[in-house]
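One letter stands for each residue in the lines below.
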Amino acid sequence: MADRTLPFALPDIGEEEIQAVSDALRSGWLSSGPRVEEFERRFAALCGDGVQAVALNSATAGLHLALEALGIAPGDEVLVPTWTFTATAEIVVHLGARPVFVDSDPVTLNIDLADAERKVTGRTRAVLPVHFAGRAVSSSRLHEFAVRHHLHVVEDAAHAFPSASEGVPVGAGRSAATVFSFYATKTITTGEGGMLVTRDLDLASRVRTTRLHGIDRNAFDRYRSDRPAWRYNIAAAGYKYNLTDTAAAIGLVQLDRAEKMHLRREQIAERYLAAFADLPLDLPQEAPAGDIHAWHLFVVRVWDGASLGRNEFIAEMSRRGVCCSVHFIPLHMHSYWRDQYGLQDEMFPVANSEFDRVVSIPLYSGMTDDDVDRVLETARDVLR
């Protein structure tokens with residue numbers, strides 16, 4: 001086993017981010033303030049003209065507030081892929097609505113819109129597609145489906161900065177809202193954090209209010225005034241979902257570095273695609289023309305006829321000092337979702353079969369060429 005364990009993921013943080021946090025701490029603004037506002041402006045500009053951006057303390061918060069603003073309520077149903085993290089579904093439950101779980105596309109592992117079609121009922125109000133691993137769901141197919149069934153679209157773009165579909169950046173399209181994650185392992189990070197983007201001015205206004213206890217003025221406005229400005233109004237029963245200025249300070253530096261970090265992820269993915277071509281693995285497909293793959297994850301699938309199975313592959317890689325992971329354990333396999341909604345494996349044939357094969361191998365922008373070489377050499381040795 002190697003002396004140094006190579007982690008599965010690592011945030012790409014340098015001296016610039018550290019200095020930005022120090023400056024924020026010295027400024028006196030520790031909660032939401034000028035850096036949050038600047039982060040919102042700059043992120044909106046990256047997404048496209050006319051987009052509103054609202055910073056939050058997590059993508060989960062953004063998904064929750066988006067559905068709340070759209071009026072999702074008890075008795076409603078929301079289509080959710082089984083191939084996702086639990087946050088995508090749990091926010092539906094928190095609103096008293098019912099998540100309806102959908103199988104996976106066998107190529108991309110994104111939501112299978114054909115299966116979603118079969119599960120639409122008169123109570124279906126919205127669909128929550130996930131751009132798995134950074135490969136965007138087809139925007140044209142998604143919105144044709146949504147228009148046909150009169151559904152709101154809220155995109156879970158936790159993996160998808162800076163993804164694009166058919167020439168349009170994820171977040172700049174026709175959806176009611178798109179929500180990004182800045183968790184520590186994501187393509188850019190604020191430690192914890194998220195961003196909701198929308199072209200709907202009313203939805204953006206509602207989310208800005210509900211993210212901070214339903215107060216109709218933010219703290220920055222109340223405390224920076226040069227004249228008495230203590231009065232405010234509670235306009236809704238809100239939540240404590242605001243992003244801090246210290247987190248936004250990290251995000252602003254990460255935005256400056258985002259293009260370079262994405263390029264590095266692309267370079268690593270290209271090396272993997274070339275080097276793994278002759279191994280008993282199914283490799284992720286590169287994005288079609290006009291699309292951009294964020295390469296948040298690089299997910300391979302071990303052949304059924306390989307010399308060892310998925311679990312053994314992960315164990316052997318770990319024994320040799322290379323950490324791998326699995327994305328995801330489908331929601332229908334977890335006890336809460338299975339028991340609460342009567343889910344069975346046979347309802348999700350693609351997700352059920354592909355789960356046994358998937359492995360996420362290390363991919364992060366701070367990887368050196370030696371790190372990449374080590375992953376390649378170790379995987380080849382393990383699968384020899």
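Preceding this section is the structure that the text describes.
What you see is a predicted model; the values in this text were computed from it and never measured.

J.: Which parts of the structure should I look at to understand the environment of Ala 157?
T.: Turning to its location among the elements, Ala 157 is positioned in strand 5 (residues 152-157). For Ala 157, a relative accessible area of 1% puts it in the buried group. Expressed as a C-alpha distance, the spacing of Ala 157 and Phe 180, which sit 23 residues apart in the sequence, is 4.8 Å. What Ala 157 contacts, discounting residues up to four positions off in sequence, is His 131, Val 170, Thr 178, Val 179, Phe 180 and Ser 181.

J.: Looking at this structure, how should I read empty space enclosed by the protein?
T.: One water molecule sets the probe size; rolling that probe over the atoms shows where empty space is left. In this structure the tally under the stated criterion is four cavities of 30 Å³ or more. Together, 13 residues line the largest cavity, and Leu 10, Asp 12, Lys 186, Arg 265 and Ser 365 are the ones closest to its centre. For the lining of the largest cavity, the class distribution of residues is five nonpolar, five polar and three charged.

J.: Just checking my understanding: could you explain the pairing of strand 2 (residues 77-81) for this structure?
T.: Side-chain positions along a regular strand alternate between the two faces of the sheet. By the criterion of burial, strand 2 is predominantly enclosed, with five of the five residues buried. Of the two faces of strand 2, the one holding Glu 77, Leu 79 and Pro 81 and the one holding Val 78 and Val 80 are both buried throughout. Two strands pair when backbone bridges link them, and strand 2 and strand 3 (residues 98-102) are joined in this way by five bridges, in the parallel orientation. Across the sheet, residue Pro 81 finds its bridge partner in strand 3, namely Val 102. Regarding the hand of the β-α-β motif, the stretch spanning strand 2, helix 4 (residues 87-94) and strand 3 is right-handed. Examined bridge by bridge, strand 2 and strand 4 (residues 124-127) share three bridges and lie parallel to one another. Residue pairing in the sheet places Leu 79 in a bridge with Val 127 of strand 4.

J.: So what exactly am I meant to see when it comes to the packing of helix 1 (residues 15-27) against helix 9 (residues 245-275) here?
T.: How two helices pack is summed up by the angle between their axes together with the distance between the axes. Relative orientation of the contacting elements helix 1 and helix 9 amounts to 145°, with a least axis distance of 8 Å. Remark: the crossing between helix 1 and helix 9 carries right-handed chirality. Here helix 1 contributes Glu 16, Glu 17, Ala 20, Val 21, Ala 24 and Leu 25 to the contact with helix 9, which in turn contributes Asp 245, Thr 246, Ala 249, Ile 250, Val 253, Gln 254 and Arg 257. A class-by-class count of the residues in the contact of helix 1 with helix 9 yields seven nonpolar, two polar and four charged.

J.: Got a minute to help me understand unusual backbone geometry in this structure?
T.: Note: most residues except glycine have negative phi, and most peptide bonds are trans. The amide bond that connects Phe 161 to the next residue, Pro 162, takes the cis arrangement and shows omega of 5°. In this fold, Pro 162 is placed in the loop between strand 5 and strand 6 (164-165). Residue Phe 328 is reached from His 327 by a cis peptide bond, and omega for that bond is -5°. Checked against the element boundaries, Phe 328 lands in the loop between helix 10 (310-319) and helix 11 (335-341). Of note, the phi angle at Leu 109 is positive, near 65°, even though the residue is not glycine. Residue position: Leu 109 is located in the loop between strand 3 and helix 5 (113-119). On the accessibility criterion, Leu 109 (2% relative accessible area) is buried.

The rules we used
Throughout this document, residue positions are counted from 1 along each chain, in the order its sequence is written. For this predicted model, a pLDDT threshold of at least 70 governs which residues receive local features, and a threshold of 80 or more governs which side-chain atom pairs are given and counted, while totals over whole chains, interfaces and linings are taken from all residues. Only heavy atoms go into the side-chain values, all of them from the structure, while hydrogens and water stay out. Runs of H or I in DSSP of at least four residues are treated as helices and runs of E of at least two as strands, each being numbered from the N terminus. Buried, partly exposed and exposed residues are distinguished by accessible area as a fraction of the type maximum, computed with a 1.4 Å probe on protein chains only: under 20%, between the cut-offs, and over 50%, respectively. In what follows, residue pairs with any heavy atoms lying within 4.5 Å of each other are defined as contacts. The distinction between a cavity and a pocket rests on a 1 Å grid over the protein atoms alone: a 1.4 Å probe fits inside a cavity but cannot get out, while a pocket stays open yet meets protein on both sides within 12 Å along at least five of seven lines, and a residue with an atom within 4 Å of a point counts as lining. Grid points are joined across faces, edges and corners, and a volume is the space filled by probe spheres set on the points. Here the nonpolar group is Ala, Val, Leu, Ile, Met, Phe, Trp, Tyr, Cys and Pro; Asp, Glu, Lys and Arg are the charged ones; every other residue, Gly included, is treated as polar. Two strands make a pair as long as DSSP finds a minimum of two bridges between them. The handedness of a crossover follows from its direction of travel: if, with the strands pointing away from the viewer, the path from the first strand over the helix to the second runs clockwise, the crossover is right-handed. Convention adopted: a line fitted to C-alpha atoms gives each axis, helices being fitted over their contacting stretch, and angles between N-to-C directions are expressed from 0 to 180 degrees. Note on convention: near helix rotated counterclockwise from far helix by under a right angle means a left-handed crossing. Clockwise means right-handed.

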